[in-house]
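Residue-level listing of the chains:
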Amino acid sequence: LMVDPYIAVVAGALATCNIPLAFLEPTIANWMKESMGASEWEVGLTWLPAFFPHVLGVYVTVRLAAAYPHLQWFYGALGMAIIGASSCLVPACRNFGQVIVPLCGICFGIALVDTALLPTLAFLVDVRHVSVYGSVYAIADISYSVAYALGPVVAGQIVHTMGFAQLNLGMGLANVLYAPVLLFLKNVCQMKPSHSERNILLEEGPKGLYDTIKMEERKGVGKSLRPAGEMEENGMDSYRRDMTGVSEEDSSDYEYS
């Protein structure tokens, strides 16, 4: 699944869109204290207002996806553009009220990307692979984990060497540049499901000896009122004919396989 180009694009988008959130969480507190003299309660409540636009982003994306399901890629690209613009605005904020706005924009954009692209992963598995979703959503979790693992390790070093503003500009630029890559998913909705071996086996009815036994059971119910000798003779003839057909069918299946 990881070498599938479509799944790789989605996984990259999930990792990239979560980088601003993962990199800001360990660094924004010190920056707020140094740049705007924020108090402890302001630092603690920085991310609380962003919860509401995140929920709104999920609701809006679900409604749009229900009305226009072929534009899932566009909702993800729009979300990444919003995340990129909001990340670039964070260093320009000078007080607590101003910094809340770009953080809300980041969480709103993450909601757009996640809500649009996670169902796309399931659809890709349905049409291109076997419909087992545990592995592909494990890839999605790995994408999140990469972003949040790098955040505390890399973000502090970048801020120390390059500065907080450069960190945000780099994250914003990465999201804006990645947004056009989602055009690669534009035709995903037009893909047709592939008939895998598993699906074919599930759709096939039972064959061979099983069918013969069930057929004999049904015939036995219908002939239960006939004389014993006649029923036995007819049953043996029918059994010979059925077994001949079964052997021919099994032979043809063997030659086909």
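All figures in this text were calculated on a predicted structure; none of them were measured in a lab. (Residues numbered from 1 in each chain as written. Predicted model: local features only at pLDDT ≥ 70, side-chain atom pairs only at ≥ 80, totals over all residues. Heavy atoms only, no water.)

### Notes on the UniProt feature "transmembrane region" (unreviewed entry) in the chain
Move 1: As annotated by UniProt and renumbered to match this structure, "transmembrane region" (unreviewed entry) occupies residues 6–24, 45–66, 72–92, 99–124, 136–155 and 167–185.
Move 2: Split by type, residues 6–24 is 100% helix and 0% strand. Its first and last C-alpha atoms lie 29 Å apart.
Move 3: Helix makes up 100% of residues 136–155 and strand makes up 0%, while its end C-alpha atoms are separated by 28 Å. (UniProt positions renumbered as here; feature names shortened; annotations may be inferred. Helix = DSSP H or I, 4+ residues; strand = E, 2+ residues; numbered from the N terminus.)

### So, helix α1 (residues 5–24)
Move 1: Relative to the 28 Å expected for 20 residues at 1.5 Å per residue, α1 spans 29 Å between its end C-alpha atoms, a close match to the ideal helical length.
Move 2: Maximum bend of α1: about 35°, positioned at Asn18, with proline Pro20 one to four residues after it.
Move 3: Counting buried residues along α1, 17 of its 20 residues qualify, which places the element largely inside the surrounding structure.
Move 4: Here α1 starts with a cap whose side-chain oxygen sits 2.9 Å from the backbone nitrogen of Tyr6, and that cap is Asp4. (Expected span 1.5 Å × (residues − 1). Bend = angle between axes of the 7 residues up to and from the residue. Buried < 20%, exposed > 50% of the residue type's maximum accessible area, 1.4 Å probe, protein only. Polar contact = N/O pair within 3.5 Å; in protein donor to acceptor, adjacent residues only side chain to side chain.)

### Let's talk about the pattern of salt bridges
Proximity of charged atoms lets side chains of opposite charge pair with each other.
Move 1: Enumeration according to the criterion identifies one salt bridge in this entry.
Move 2: Glu40 serves as the salt-bridge partner of Lys33, at 3.0 Å between the closest nitrogen and oxygen.
Move 3: Among the residues examined, Lys33 registers a relative accessible area of 37% and is labelled partly exposed.
Move 4: A relative accessible area of 56% places Glu40 in the exposed class. (Salt bridge = Lys/Arg side-chain N within 4 Å of Asp/Glu carboxyl O.)

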